[in-house]
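# Fold and geometry: a report
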Amino acid sequence: MLGEVIRYPSTGAALVKASVVTIEPGAETLFHRHPAPMFAYILEGEVTVDYGASGQRVYRKGDALMEAMHVPHRGMNLGTATVSILTVHMGAEGTANVTLEK
């Protein structure tokens, strides 16, 4: 995403975690970054991702992407249906999957 090179952390043994992120209608995440590569697949709904100066992109059910790592961004549910996103973090022991912007 956004032309970044995928770089895997070398802080420890490989650690892959999967989860489902849910964003209710009208809700949004905080601005954050991903210190390790993260694959996302939109299971339900439509999410708008705000990449700040790099613009916004809309992802819909069935879309798949490698999320930006070093560009702060937030997910917003501007629709009326719940958004569900399968996330797969390809990190390492000692590396956070998400860091919040201050």
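Computed from a predicted structure; not experimentally measured.

## Comments concerning the pairing of strand E8 (residues 83-92)
- Of all 10 residues that make up E8, eight are buried, and the element is covered over most of its length.
- For strand E1 (residues 14-23) and E8, the ladder comprises 10 bridges, and the chain directions are antiparallel. When the sheet's bridge partners are listed, Lys17 is paired in E8 with His89.
- The sheet contact formed by strand E3 (residues 38-44) and E8 spans six bridges and is antiparallel. Looking at the pairing, Tyr41 lines up with Leu86 of E8.

## Structural notes on a nonpolar patch on the surface
- Judged by side-chain polarity, Val20, Tyr41 and Leu43 come together as a nonpolar surface patch covering roughly 230 Å² of accessible area.
- Following the sequence through the fold, Tyr41 ends up in strand E3.

## A closer look at the sheet that holds strand E7 (residues 74-76)
- In spatial order, the strands read E5-E4-E7; together these three strands make up an open sheet with antiparallel pairing. The sheet is open, and its two borders are formed by strand E5 (56-60) and E7, each paired with just one other strand. Adjacent strand axes in the sheet meet at a mean angle of 30°, parallel and antiparallel pairs treated alike.

## Considerations on the nonpolar core
- Membership of the largest hydrophobic core comes to 13 residues, with the highest contact counts inside it found for Val47, Tyr51, Tyr59 and Ile85.
- Mapped by element, the contributors of at least two residues to this core are E3, strand E4 (46-50) and E8.
- Counting residues per element, this core draws most heavily on E3, which supplies three residues.

## As for the sheet that holds E3
- Pairing within the open sheet is antiparallel, and its four strands lie in the order E1-E8-E3-E6. The sheet is open, and its two borders are formed by E1 and strand E6 (64-66), each paired with just one other strand. Here the strands of the sheet are splayed against their neighbours by 20° on average, with no regard to which way each runs.
- The pairing of E3 with E6 spans three bridges and is antiparallel.

## Quick notes on the side chain of Asn77
- In this structure, Asn77 sits in the loop between E7 and E8.
- Separated by 2.9 Å, the side chain of Asn77 and the backbone nitrogen of Gly79 make a polar contact.
- Setting aside anything within four residues of it in sequence, one finds Asn77 in contact with Ile23, Glu24, Pro25, Gly26, Ala27, Glu46, Thr82 and Val83.

## Some thoughts on the pattern of salt bridges
- Taken as a whole and assessed by the stated rule, the structure comprises five salt bridges.
- Here Lys61 and Glu44 are joined by a salt bridge, their closest N and O atoms 3.6 Å apart. Residue Lys61 is located in the loop between E5 and E6, and its partner Glu44 is located in strand E3; the two are separated by 17 residues in the primary sequence.
- Asp50 is paired through a salt bridge with Arg74; the nearest N and O atoms lie 3.1 Å apart. Residue Asp50 is located in strand E4, and its partner Arg74 is located in strand E7; the two are separated by 24 residues in the primary sequence. Just as Asp50 is buried, Arg74 falls in that class too.
- Three or more residues are tied together by salt bridges with common partners; here these are Glu28, Asp50 and Arg74.

About the cut-offs
- Residues numbered from 1 in each chain as written.
- Predicted model: local features only at pLDDT ≥ 70, side-chain atom pairs only at ≥ 80, totals over all residues.
- Heavy atoms only, no water.
- Buried < 20%, exposed > 50% of the residue type's maximum accessible area, 1.4 Å probe, protein only.
- Helix = DSSP H or I, 4+ residues; strand = E, 2+ residues; numbered from the N terminus.
- Pairing = 2+ DSSP bridges.
- Patch = residues over 30% accessible without salt bridge, like charges linked within 9 Å, V, L, I, M, F, W, Y side chains within 5 Å.
- Areas by Shrake-Rupley, 256 points an atom, 1.4 Å probe, with all protein chains shown as cover.
- Salt bridge = Lys/Arg side-chain N within 4 Å of Asp/Glu carboxyl O.
- Axes fitted to C-alpha atoms, helices over the stretch in contact; angles between N-to-C directions.
- Core = buried A, V, L, I, M, F, W, Y, C linked by side-chain atoms within 4.5 Å.
- Polar contact = N/O pair within 3.5 Å; in protein donor to acceptor, adjacent residues only side chain to side chain.
- Contact = heavy atoms within 4.5 Å.

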